[in-house]
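Here is how the chains run, residue by residue.
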Amino acid sequence: MKKITTLILSLVFAVSIIASASAKTLKIQMTFPKTSYDAQIVGMWTERVTGLTGGSLKFELLGAGEVVGVKETLEAVDKGLVDGGAAWTHYWSNYHPAAMLFGSPVAGGGIGLSTKSWLAWYFDNGGKALYDQLWDEMGMNVKGFIMASSGPEALGWFKEPINSMADFRKYRFRTPPGIPGQTYKDIGVASVSMGGGDILPALEKGTIDAAEWCCPKPDLVFGFQKVLKNYYLQGLHQNVVNGDVFFNKDVYNKLTDQEKYAMEIASEAMITRNITNRAVENGKALIELTTKHGVILHDTPADYFVEYMAAAKATILKNSKENKFFDEVYQHMTAHAKIVVPFIAQMETSDASIGTAFANAQK
């Protein structure tokens, strides 16, 4: 028995030595700082992949701008300047408008999509194959994995309370790039797109006077509460938000089947973990914002939903007419929504009712 145990330990040791000798380290440049909450999520993904591969695949995470600028990240991966990247998928809408349908289908795509119903499309109703095709449509030599979902995002921060869209239109408002920001312009809001690092200085200088970024935890870390006190959670511009890691396809193709599978499994696992982790962290942050920093939480004006949804649907249909692949994806999503959204909407209405009752009881 002792000899067998010794033999097994020797084999395990030998395998670990071989794995260590053949270990690969891939460099990933993120589109956000190393210290950000988003970077923590990417770090959790890399830890899982390394664990699942027995250490044969490791990663070095680079912060925004360490090799190339944020806007050049995707092209740097395509050209092999870095092995991989990490971003929110809608960042690449300038390469192809359909990136928005995968990253942040504005106002639920005008077809009622929530995070749950979008993920049902991606995993179980054909969305993933179209996502893989997106990189080819953008002309990028890239293999990507959706690995984070963070929606719905907050409407944002304002100097004074807004009681209607007329109040909203008084502000210069930082918005996401692409279709979400354009939709704000379409309803008369002075939409200003800028990178994350520029937002707080712009608010302090008065270049803008209202802004959105994400949700309570990242917003707290960002420091919005230092300059603005009126906060609105219910927004439509990014009610579904997805992020991904992506790799140069030549680099990816050289990986073993086990390493490729580990990336896929880790991505699926991190979507769940990202949703649950953000629920806890955002809940804690919202309490801190309202009890320690004097932030006032308001309900979003009702006319916002009517105007923004109508403008979003018009913008989506316009892109659908102008771009063949966009239309293919959108029609596919719409067919899915007709099956799934009525069911999920009814179920989530029950959840919202009991949740709102409990929340109101805490006031």
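Our structure's up above, just so we're on the same page.
The structure presented is a predicted model; accordingly, all values stated were derived computationally and were not measured.

## Concerning helix α2 (residues 37-52)
Right, on to step 1. Taking 1.5 Å of rise per residue, the 16 residues of α2 would be expected to cover 22 Å, and the 23 Å separating its terminal C-alpha atoms lies within 8% of that figure.
Right, on to step 2. Taken together, the buried positions of α2 are occupied by Y37, D38, A39, I41, V42, G43, M44, W45, T46 and V49.
Right, on to step 3. G54 sits one or two residues past α2 and shows a positive phi near 65°.

## Observations regarding the packing of aromatic side chains
Right, on to step 1. According to the stated counting rule, one finds 31 aromatic pairs in the structure shown.
Right, on to step 2. Ring geometry for W135 against F246: centres 5.5 Å apart, planes inclined by 35°, an arrangement best described as tilted. Of the two residues, W135 is situated in helix α6 (residues 127-137) and F246 in strand β10 (residues 242-248); the sequence distance between them amounts to 111 residues. The pair W135 / F246 is uniform in exposure class, with both members buried.
Right, on to step 3. The interplanar angle of 75° and the centroid separation of 5.3 Å between the aromatic rings of Y304 and F305 together place this pair among those described as edge-to-face.
Right, on to step 4. With relative accessibility at 0%, the residue Y304 sits in the buried group.
Right, on to step 5. Chaining the aromatic ring pairs together yields one cluster made of Y91, W92, Y95, F102, W118, W121, Y122, F123, Y131, W135 and F246.
Right, on to step 6. Cation over ring: K143 sits above F145, and NZ or CZ is 5.1 Å from the ring centre.

## Some thoughts on the sheet that holds strand β8 (residues 210-211)
Right, on to step 1. Read across the open sheet, the six strands follow the order β7-β6-β8-β5-β9-β11; overall the sheet is mixed. Only two strands of the sheet have a single neighbouring strand rather than two, namely β7 (190-193) and β11 (296-298).
Right, on to step 2. Pairing geometry for strand β6 (residues 172-175) and β8, over two bridges, is parallel. Residue pairing across strands places R174 opposite A211, the latter belonging to β8.

## Digging into the pairing of β10
Right, on to step 1. Burial runs high along β10: seven of the seven residues are buried.
Right, on to step 2. As defined by bridge partners, strand β3 (residues 84-88) adjoins β10 across five bridges and the pair is classed as antiparallel. Note on β10: the bridge partner recorded for W88 is G243.

## A few points about the pattern of salt bridges
Right, on to step 1. Per the counting criterion, the structure on display carries 15 salt bridges.
Right, on to step 2. K79 is the salt-bridge partner of E75, the closest N and O atoms lying 3.6 Å from each other. Pair noted here: E75 and K79 are both in helix α3 (residues 73-79), with a separation of four residues, about one helical turn.
Right, on to step 3. With a relative accessible area of 56%, K79 lands in the exposed category.

## Overview of empty space enclosed by the protein
Unfilled space is identified by rolling a water-sized probe across the atoms.
Right, on to step 1. For the structure on display, the rule yields two cavities of 30 Å³ or more.
Right, on to step 2. As a volume, the largest cavity reaches approximately 80 Å³.
Right, on to step 3. Every element with two or more residues in the lining of the largest cavity is listed here: α2, β3, β4 (142-149) and β10.
Right, on to step 4. Of the pockets and cavities examined, the second largest cavity occupies roughly 50 Å³.
Right, on to step 5. Lining the second largest cavity, in full, are Y122, F123, K128, F145, I146, E264, S267 and E268.
Right, on to step 6. At the level of secondary structure, the elements contributing two or more residues to the lining of the second largest cavity comprise α5 (115-124), β4 and α12 (257-292).
Right, on to step 7. A per-element tally of the lining of the second largest cavity places α12 first, with three residues.
Right, on to step 8. Taken together, the residues of the lining of the second largest cavity sort by class into four nonpolar, one polar and three charged.

What counts, and at which threshold
Residues numbered from 1 in each chain as written. Predicted model: local features only at pLDDT ≥ 70, side-chain atom pairs only at ≥ 80, totals over all residues. Heavy atoms only, no water. Helix = DSSP H or I, 4+ residues; strand = E, 2+ residues; numbered from the N terminus. Expected span 1.5 Å × (residues − 1). Buried < 20%, exposed > 50% of the residue type's maximum accessible area, 1.4 Å probe, protein only. Phe/Tyr/Trp six-rings, centres within 6.5 Å; stacked < 30°, edge-to-face > 60°. Lys NZ or Arg CZ within 6 Å of the ring centre and 35° of its normal. Pairing = 2+ DSSP bridges. Salt bridge = Lys/Arg side-chain N within 4 Å of Asp/Glu carboxyl O. 1 Å grid on protein atoms, 1.4 Å probe; cavity = no way out; pocket = protein on both sides within 12 Å on 5 of 7 lines; lining within 4 Å. Points joined across faces, edges and corners; volume = space filled by probe spheres on them. Nonpolar A, V, L, I, M, F, W, Y, C, P; charged D, E, K, R; others polar.

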